[in-house]
Amino acid sequence: MNTGNSGNMRRPDGAALVIAAILAGIAVVIFWQTSLMRVPPVQQRVGPTVFPYVVATGLVFLAIGTAVSAFRNGFPARSKDDFRPIVWIVGGLVAQILLLSTAGFSIATGVLFGFTAKGFGRGPLWKTIPAGAVFAFIVWFIFAKGLQLSLPTGVLERLLTTGSFQ
Amino acid sequence: MSTFDLLAQGLIAALQWQNLLYALIGVTLGTAVGVLPGIGPALTVALLLPVTYKLDPAGSLIMFAGIYYGGMYGGSTTSILLNTPGESASIVTALEGNKMARQGRGGPALATAAIGSFIAGLLATIGLAFIAPWVVRFALSFGPADYFALMVLAFVTVSAAFGDSALRGLTALFIGLGLGLIGIDLQTGQTRLAFGIPDLLDGIEVTTLAVALFAIGETLKTSSDPAQINTQFTAIKGSVWMTLEDWRRSWASWLRGTVIGFPIGAMPAGGADVASFLSYSAEKSFSKKPEEFGHGAIEGVAGPEAANNASAAGTLVPLLTLGLPTTATAAIMLAGFQQFGLQPGPLLFTNNAPLVWALIASLLVANLMLLVLNLPLIGVWVRLLTIPKPWLYGGILVFATLGTLGANGAMSTGFGPVRISFELVLLLAFGVLGYILRRFDYPIAPVVVGLILGPMAEQQLRRALAISQGDVGILLASPVSMVLYAAAAAAIIIPLIMRLRGKGAVLGQLASDED
């Protein structure tokens, strides 16, 4: 995987630098939030702030290490990822989150299923979403009715289990 | 009571029909998820935690252990037939196993993997039964400082010995430790890093993090990576049975794999992947026909497959006796124990002896079930590999969100009539994190282990410092802790040397990162 590295040996790995910056940012947030805590004098020595400071310090060192690694091209070569499927799948998850309370588990999860299938190149949505909703309903029925798992109920679930819309 | 008596009583409990049923469900699910690329035992146990909340503790734990063992069996099938390892411990199996499959010797490769796994699982489970009481006796004398040292050792072995870079392993660990800080501090009741969000007061759920990193992260990576979207499936041709020659070449490798794998899992000196790598290089140097390596040498399948199963059994030693998880699956199994109000550790063996011994004995039963499931029924499992990816991953996401909602489905935030499950938002956020970790070659297991073990380590650290009234010297005061810190230092240094030497030989195509 080292092939092709020789050409851009002197160019730092930009994405790795971003990761270093994020790690440093998380460390700063932990330092800042922990310093805001008001600790009673009794707990000053071994109180709840010790471990956060240790973790934040560790993150600072790791951020430095990551930055050094970025400059030395220490990260393995990355594949050329196609981001379109990711947009579909993340979109499906967001749609499910937004639809759950109003449309219920089966329909919301059907949308997630359809969008995921679309991300993997299978369509069309007007076929995969209903298929997903049927699958999600079967799963909902087994887990909510059979195993008493508390899952959000919507129009479809009520209609199919009680026969009414209410 | 002697170990034999305890084990015999455990066997009687394990042979009750309910427990047999749980074990059967566990090994069947485990094999299935081991075979399917993209989902592994850690994710499956995490998804099942909310479902088993109301079930019998012993039965559920037997099922989880069955999933763990089954995953190790199933992973080899994918490695051999698909050349895409089902889980990290089967990477080496793919090296020789897939070559054998392409030469039409897929059957014997699968057979030697299954029989090797059986022998290793059997011997290692017996090893677990005999070593565990000894470790427990030793662990009862541990103070908080010793436990802290033990957890530091676990942190190091999980993060620095895994994968190919200590820097990335430790970064993953510290992300987990950072997530572990969130929520109310148990000792003082102070809120840390909750940013005023009520849902964060209870901290981050291990299951949510694990499901997100493993299911969502893996789905995002697989969908976007052009190298993973088309994989070639090699059908089994020719005889499934091993020839006399195959048996002659395999048996010593099985035993060597067991001897290498069990201590590595038990000590804890790394995970099953480390064990299988070491076994592979050992087989290469022991083999009478080293020239066959790289072209389908059966020893290269027999040894590592035995090693990864022995290591899985070995992992249960620190988990049960010390409450110390050293792999992602073990970390989630620990969460499973806690869900039932059980705390693994030396006291578990005195307070819940029947449960522990039923669990250990059921591993022997599960192992036998797995041999039956994997040898004659191999064709059934192979068919799982033909599920089209869109349906497979769509289904994985359905179950991932279902499990998360089942564990914590409160629609606590939102705007207007639209209520939002905060847990699902976390699931999405950690899923994206999981994708980023994969993309940049960060290991996943240390994040999960850090989240669950971080708060435990903090508790022991503060307990130790409270006893010594703030004197840090107590951390190094006992011989036990000094030995453990020395082992932790060795766990950083030895893999460094191995990475420079052995790994270059084993996996020459992977770049080494000396950071």
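Draft legend 1. Quick look at the packing of aromatic side chains. Going through the model one piece at a time under the given rule, you end up with 18 aromatic pairs over all chains. Pairing B:Y280 with B:F293 gives two aromatic rings, centres 5.6 Å apart and planes at 75 degrees, and the pair type is edge-to-face. Of this pair, B:Y280 sits in helix α12 (residues 272–286) while B:F293 is found in the loop between α12 and α13 (299–322), placing the two residues 13 residues apart along the sequence. Exposure remark for B:Y280: the relative accessible area of 4% places this residue in the buried category. Through successive ring pairs, a cluster of aromatic residues spans A:F113, A:F135, A:F143, B:W391 and B:F399. Positioned above the aromatic ring of A:F75, the side-chain terminus of B:R168 is 5.3 Å from the ring centre. The aromatic ring of B:F286 is capped on one face by B:R256, whose charged end is 4.3 Å from the ring centroid.

Draft legend 2. Representation of the packing of helix α3 (residues 41–52) of chain B against helix α4 (residues 57–82) of chain B within the structure. Residue and element names in this part refer to chain B. As a packed pair, α3 and α4 sit with axes 10 Å apart at the nearest point and diverge in direction by 165 degrees. Overall, the two elements α3 and α4 adopt an arrangement that is roughly antiparallel. The hand of the α3/α4 crossing is right-handed. Where α3 abuts α4, its residues P41, T44, V45, L48, L49 and T52 lie against S60, M63, F64, I67, Y68 and G71. By residue class, the composition of the contact of α3 with α4 is eight nonpolar, four polar and no charged.

Draft legend 3. Layout of the pattern of salt bridges. All names here are of chain B. A full pass over the atoms with the stated rule returns 12 salt bridges over all chains. One salt bridge connects R248 with E245, and the closest N-O pair in it is separated by 2.8 Å. Note that R248 and E245 are positioned in helix α11 (residues 244–266) at a spacing of three residues, about one turn of the helix. R248 gets classed as exposed once you look at its relative accessible area, which sits at 54%.

Draft legend 4. Looking closely at the confidence of the model for chain B. Residue and element names in this part refer to chain B. On average, residues of chain B carry a pLDDT of 83, and 91% of them reach 70 or more. Within chain B, the element-level pLDDT minimum falls on helix α22 (residues 502–506), averaging 47, and the maximum on helix α19 (residues 422–439), averaging 93. In the model, residues 504–515 has pLDDT below 50 throughout and makes 28 contacts with residues more than four positions away in sequence or in other chains.

Draft legend 5. Up close: the interface of chain A and chain B. At the interface, 67 residues of chain A touch 72 residues of chain B. Buried area between chain A and chain B, summed over both chains or domains, comes out near 6,100 Å², and the portion from carbon and sulfur atoms is 75%. Area buried by chain A at its contact with chain B is led by A:F51, A:I97 and A:F120, which between them contribute 13% of it. Inspection of the chain A/chain B interface yields two salt bridges.

About the criteria used
Residues numbered from 1 in each chain as written. Chains lettered and ligands numbered in written order. Predicted model: local features only at pLDDT ≥ 70, side-chain atom pairs only at ≥ 80, totals over all residues. Heavy atoms only, no water. Phe/Tyr/Trp six-rings, centres within 6.5 Å; stacked < 30°, edge-to-face > 60°. Helix = DSSP H or I, 4+ residues; strand = E, 2+ residues; numbered from the N terminus. Buried < 20%, exposed > 50% of the residue type's maximum accessible area, 1.4 Å probe, protein only. Lys NZ or Arg CZ within 6 Å of the ring centre and 35° of its normal. Axes fitted to C-alpha atoms, helices over the stretch in contact; angles between N-to-C directions. Parallel < 35°, antiparallel > 145°, perpendicular 65-115°, else oblique. Left-handed = near helix turned anticlockwise from the far one by under 90°. Contact = heavy atoms within 4.5 Å. Nonpolar A, V, L, I, M, F, W, Y, C, P; charged D, E, K, R; others polar. Salt bridge = Lys/Arg side-chain N within 4 Å of Asp/Glu carboxyl O. pLDDT = per-residue confidence, 0-100. Buried area = accessible area lost by both parts, 1.4 Å probe.

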